[in-house]
Amino acid sequence: MNQTDKAQIGKTECPLFRITDVLLIFLVAIGIRFANLVFINDNPYFNNPVMDEFYHDDWADEIAQGNLFDRAPFYRAPAYPVFLGLQYSIIGSDLFTARFINSIIGSLNCILVYLLAGILFNRKTAILAGITACFYGMLIYYDASILSVPLEIFLTLCGVIVLLLAMDTEKAWMWFLCGIIFAFGIITRPTIAIFLPVVLILALNKCDKCKSKFSPLISVILGCLSPISVVYIINCIQGDSAVIVAWNGGINFYLGNNEMANGWSATSPLLRGAWFSGYQDAVTIAEEASGHSLSYAGVSNYWMKQGLSYITGDLISWVSLMFKKSYYLISNVEIPNNQSIDYIRNLSFIMRIPLFKYGVVFSLALPGMIFASSVSGKGKLRGKLLITKSFVLIYGFAVVLFFVNARYRMPIIPFLISFASYSVFEVVKSFMGNNWMVFLKFTGTASAAAFLSFSSFTSGDFSTSSQMHYSLGNQYFSQGELSRAISEYEMSVQIAPANLDAWNNLASAYAETGDYQSAYAALSTSIESCELII
């Protein structure tokens, strides 16, 4: 690669001044996301959320009614429920509006991807990255949810972008802002905390060159402490437990690291699979094992120790599990969480068109991550590339430590898109310029990555079909659509005959229609299945 090419990467064409680019990307993104909302509006889950969406919606309703601290100490990170609760207090608990606000955040994320790629590379790469984010299927999917994913991505992108800009300045307020943004990210998704040591090390390194009274390190620490200390104080005073952000960390660590862990879902030999019953089990078992009542922080610590005991007791099995989870992280398969992705995809014309997929983005991003630094002759830019790559690797490792599915790997997607867009231009440029060495490096690495991502090296049944039909049956039953509920329950038990809950609910649905003979038959089958299990 010649010197001219080397100078192009990182050439400062600040996207902040390209208002037309920003407007174009935002309008495309919001248009696609609004259309998707319209298409999935008939989804029975749309106005009747389940699982984590229900948890957020229910918590937000409490907050909107003024019960801000009733759930302290917080089992889950509180930032998104509080954000949602503020929405409800202003506009009411309209789920279409809440989903649309998430779609707006998702559209802003596309602009942030554009800015990130512009800082790291150049304007052409930035435009491609921004447009790719507009059409990336899983970003569209989660931007229509009542989940924290869009907010997580927004805060991580803002945090990294501000960090990259702060590396060029000694201004204390930039480092303070960086600390605040990452702190809000942590109280939205505590996993982000794993990147905080990198921020602190960079701030400390900057202190040597800074003449300001308020050093970057102090500024970052003060910024971080501002939001996190508020949550901690609430947990201590209102919840009477020394929980920094949320107390589900130890439980989730155990669920991802035990002899029954499958690497992608919350499974264990001790805790029931249902959300609330599993929550109850976690407290009861921990207290029985300890011989006395425990604070919520104590419960979390107990399960963290259980997970660590599994690791130290069966290291070979755990290493094998980590390899499996690492593969899930790079796999093209979008592992579902809470709901069937395919079911929602089938409802929306937008989601059915060939959108950008993880395997394609990952395959193109890998050569960009490996070779981008080597073609840059600028020290500052090399440092910024290293910071960005370190976030992808460190956050990816944090996800693998627990369990991996499509939802939890979402915060690294925008960064992969930026590197993938760079790879595309490098491949085209090297081909047009007959620079076959660069062309082979990029295409060879991308081909190897694609082989890994699109292959099936680990077995895994990610099917949620039975549970999906059971959940749909519950939705239709609650809405009084008994015939549709019966149809869904029957499909559920056909796929999984041992699904006792589905058999019981099928019996109830038949009884509601007056078909007592079918109700008796369904209930008898449930009893027989229960006896076989026992």
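Right above here is the structure, for reference.
Residues numbered from 1 in each chain as written. Predicted model: local features only at pLDDT ≥ 70, side-chain atom pairs only at ≥ 80, totals over all residues. Heavy atoms only, no water.

Visitor: Please set out the overall build of the protein residue by residue, giving values where relevant.
Guide: Across its full length, the protein holds 25 helices and 0 strands. Rg of the C-alpha trace for the protein: 25 Å, near the compact-globule value of 24 Å for 534 residues, within the 12% margin. In terms of principal-axis extent, the alpha carbons of the protein reach across some 80 × 55 × 55 Å. Taken across its 534 residues, the protein has 54% of its residues classed as buried. By sequence separation, contacts in the protein at least 24 residues apart represent 73% of the contacts at least 6 residues apart. Accessible surface, the protein as shown: approximately 23,600 Å² in total, 64% of it carbon and sulfur. Within the protein, one finds 32 positive and 35 negative side-chain charges whose respective centroids are separated by 21 Å. (Helix = DSSP H or I, 4+ residues; strand = E, 2+ residues; numbered from the N terminus. Rg over C-alpha atoms; globule rule 2.2 N^0.38 Å. Buried < 20%, exposed > 50% of the residue type's maximum accessible area, 1.4 Å probe, protein only. Contact = heavy atoms within 4.5 Å. Areas by Shrake-Rupley, 256 points an atom, 1.4 Å probe, with all protein chains shown as cover. Lys, Arg positive; Asp, Glu negative; His and termini not counted. Charge placed at Lys NZ, Arg CZ, Asp CG, Glu CD.)

Visitor: Quick rundown of the environment of Ala289? Include the residues and the values.
Guide: Relative to the helices and strands, Ala289 is located in helix H13 (residues 275-290). A relative accessible area of 51% means that Ala289 is categorised as exposed. Ala289 sits 13 residues away from Tyr302 along the chain, and the two C-alpha atoms are 9.1 Å apart.

Visitor: Help me get a handle on a nonpolar patch on the surface, residues and values and all.
Guide: Together, Val424, Val428, Phe431, Met432, Trp436 and Leu440 give the surface a local cluster of nonpolar side chains, amounting to about 610 Å² of exposed area. Secondary structure elements with two or more residues in the nonpolar patch: helix H20 (413-432) and helix H21 (436-454). Secondary-structure assignment places Leu440 in helix H21. Classification of Leu440 by relative accessible area gives exposed; the value is 55%. (Patch = residues over 30% accessible without salt bridge, like charges linked within 9 Å, V, L, I, M, F, W, Y side chains within 5 Å. Salt bridge = Lys/Arg side-chain N within 4 Å of Asp/Glu carboxyl O.)

Visitor: Now, about the packing of helix H5 (residues 95-120) against helix H6 (residues 123-134): what can you tell me, with residues and values included?
Guide: Running from N to C, H5 and H6 cross one another at 155°; their axes reach a closest spacing of 7 Å. Comparing their axes, H6 and H5 come out roughly antiparallel. Judged by the sense of rotation from one axis to the other, the crossing of H5 with H6 is right-handed. Along its contact with H5, which presents Cys110, Val113, Tyr114, Ala117 and Gly118, the element H6 presents Thr125, Ala126, Ile127, Ala129, Gly130, Ala133 and Cys134. When its residues are assigned to classes, the contact of H5 with H6 shows 9 nonpolar, 3 polar and no charged. (Axes fitted to C-alpha atoms, helices over the stretch in contact; angles between N-to-C directions. Parallel < 35°, antiparallel > 145°, perpendicular 65-115°, else oblique. Left-handed = near helix turned anticlockwise from the far one by under 90°. Nonpolar A, V, L, I, M, F, W, Y, C, P; charged D, E, K, R; others polar.)

Visitor: Which residues make up the pattern of salt bridges, and what are the values?
Guide: Taken as a whole, this structure holds 13 salt bridges when the rule is applied. Put simply, Glu334 and Arg409 hold a salt bridge, and the shortest N to O gap is 3.0 Å. Separated by 75 residues along the polypeptide, Glu334 in the loop between helix H15 (315-330) and helix H16 (341-347) and Arg409 in the loop between helix H19 (379-401) and H20 bring together distant segments of the chain. Residue Glu334 is classed as buried on the basis of its relative accessible area of 17%. With relative accessibility at 1%, the residue Arg409 sits in the buried group. What you see here is one network of salt bridges that share partners, running through Asp52, Arg76 and Arg407.

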